[in-house]
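Coordinates in review
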Amino acid sequence: MNRRDLVRSAALGTILLTGSTSNARSGNRHRVKNIIFLVSDGMSTGTLAMADLLRQRKEGRSSNWLRLYREGRAQRALMDTASASSLVTDSAAASSAWGGGVRVPNGSLNVDADGQAHRPIWQTFKAAGKAVGCVTTVPITHATPAGFCVNSKSRGSMADIAEHYLGLRFDVMMGAGTEQFNPGKRPDGKDLFKAFNEQGYQVAQTRDTMLSFRPGKPALGVFDSDSLPFALDRATSPALQQIIPSLAEMTHTAVELMRGNADGFVLQVEGGKVDWAAHTNDLAALLYDQLAFDDAVGEAIRFAEQNRETLLIITTDHGNANPGLLYGANANHNFDQIQTYRQTNDWILTGVTKDTTPTQLIERIEAAQGLVIKPDDARSLLLHYTALDETGIYNPRKLPFRQLAALQTPHTAVGWAGMDHTADFVELAIVNPGHSPSSASAGLPALINNTDLHTFMLQATGVHQD
Ligand SMILES: [Zn+2]
């Protein structure tokens, strides 16, 4: 650690330590017992702003995240998200910066450019006696949860990562990715559901089973192959709501399972599909998944306010696609159309086949989002399907997401800068309801590096790396 880093880390350390005058007087450094780390993956600032505007105009209330700002209850900073290999990070390197405290090349999980492994922070907290967990809407073996849990040269080794989780015996792991646990889908044919069960885990593959989880045993929940459905598609389908939990429900369950641990708990909550929606310029998917993430933020705030020993870190790992509501005479009216959407572009395009007619596609888009496209545009979208091979339909990047988004932009007034991650400095909120925000905010630098959060979490809890 160089001198500048030392100064920065000392400043970070004061954020939580100066809040209570009684603690200061008695000389006791205040520590938090629990951390809930909430990450909306791939959330550009425009995503945060538009989700808040949508919630205000549709529901007459602020988003939970921005209400913290409106009421002066959070400390804010910008965060530089670069990785070791690029100004533009991927989620593996970004999570590793927080998880291992060191910038690693894109694609790597806590293994640096020299091949050296850095201990993931959830392993450190587990060794210190805390209960540890991760919940996400993407595979539980995906980059963001994995960056807090494991070392791996490749984020793509998800079958290995699932097996690594078994050995770690963490307390709550929930999300998607059944294919990493199912013997019929794993390359080695191992039945990891059975293996977790034999290790004493409660195992759920449906929401109902998750709701029957009780404290006292570790818990594994894997509710879908690949990823969980987008929040808007789930909201429109009673059948999906029955079997798939929301991110807020998983967050609530995880907290209930771990809150009784004498030495506290740490939980990562990831809105993983905000990033996926940005990659496909899928506006309905993006904003409603951001709101589902915001519901999880609300759940965490409720718990922290009542518990008073819990630190919330609310952020994103990088921007993605930089969406924004653009100037125009009808901006308000156009933006308000999103309130009536019933389905995502993902739902529209994955339900189309080579046999779909232009009329059927026009009706499908109208039923999903109220937009009536021209027959020529429908024919043009359908051209993509004649070029697909049998497996292409399952690869979203091959579907005409960009073209559909371009057709929608004049009607929604929302434009996109691209379809990939950005180098933007991102929003970071720190909330500690046990302290007054004004006194607690004094030590927070206005611009931090992603790696600083690693030190910050250790200092906040008084846990040492070794
Ligand atoms: Zn991404």
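Since we're looking at a predicted model, the values are computed, not measured.

**Description of helix H13 (residues 247–258)**
- For H13, with 12 residues, the first-to-last C-alpha span of 17 Å sits near the 16 Å given by 1.5 Å per residue.
- Counting buried residues in H13 gives 10 out of 12 residues, a clear majority hidden from the surface.
- Taken together, the buried positions of H13 are occupied by Leu247, Ala248, Met250, Thr251, His252, Thr253, Ala254, Val255, Leu257 and Met258.

**Examining the pairing of strand S3 (residues 131–139)**
- Where burial is concerned, most of S3 is hidden: nine out of the nine residues are buried.
- In this sheet, strand S7 (residues 265–271) lies alongside S3 in parallel orientation, the contact comprising six bridges. Paired with Gly133 across the bridge in S7 is Leu267.
- Note: S3 against strand S4 (residues 172–176), four bridges, orientation parallel. Residue pairing for S4: Gly133 is matched across the bridge by Val172.

**Describing the packing of helix H3 (residues 45–59) against helix H15 (residues 283–307)**
- It is the contact of H3 with H15, at a shortest axis distance of 9 Å, that shows an interaxial angle of 80°. Here H3 lies roughly perpendicular to H15, going by the angle between them. On the side of H3, the interface is formed by Thr47, Met50, Ala51, Leu54 and Arg55, while H15 contributes Leu286, Leu287, Gln290, Leu291 and Asp294.
- Of the residues in the contact of H3 with H15, the class split is six nonpolar, two polar and two charged.

Quick notes on the rules
- Residues numbered from 1 in each chain as written.
- Predicted model: local features only at pLDDT ≥ 70, side-chain atom pairs only at ≥ 80, totals over all residues.
- Helix = DSSP H or I, 4+ residues; strand = E, 2+ residues; numbered from the N terminus.
- Expected span 1.5 Å × (residues − 1).
- Buried ≥ 20, exposed ≤ 12 C-beta atoms within 10 Å, placed from the backbone.
- Pairing = 2+ DSSP bridges.
- Axes fitted to C-alpha atoms, helices over the stretch in contact; angles between N-to-C directions.
- Parallel < 35°, antiparallel > 145°, perpendicular 65-115°, else oblique.
- Contact = placed C-beta atoms within 7 Å.
- Nonpolar A, V, L, I, M, F, W, Y, C, P; charged D, E, K, R; others polar.

Geometry only, nothing functional implied.
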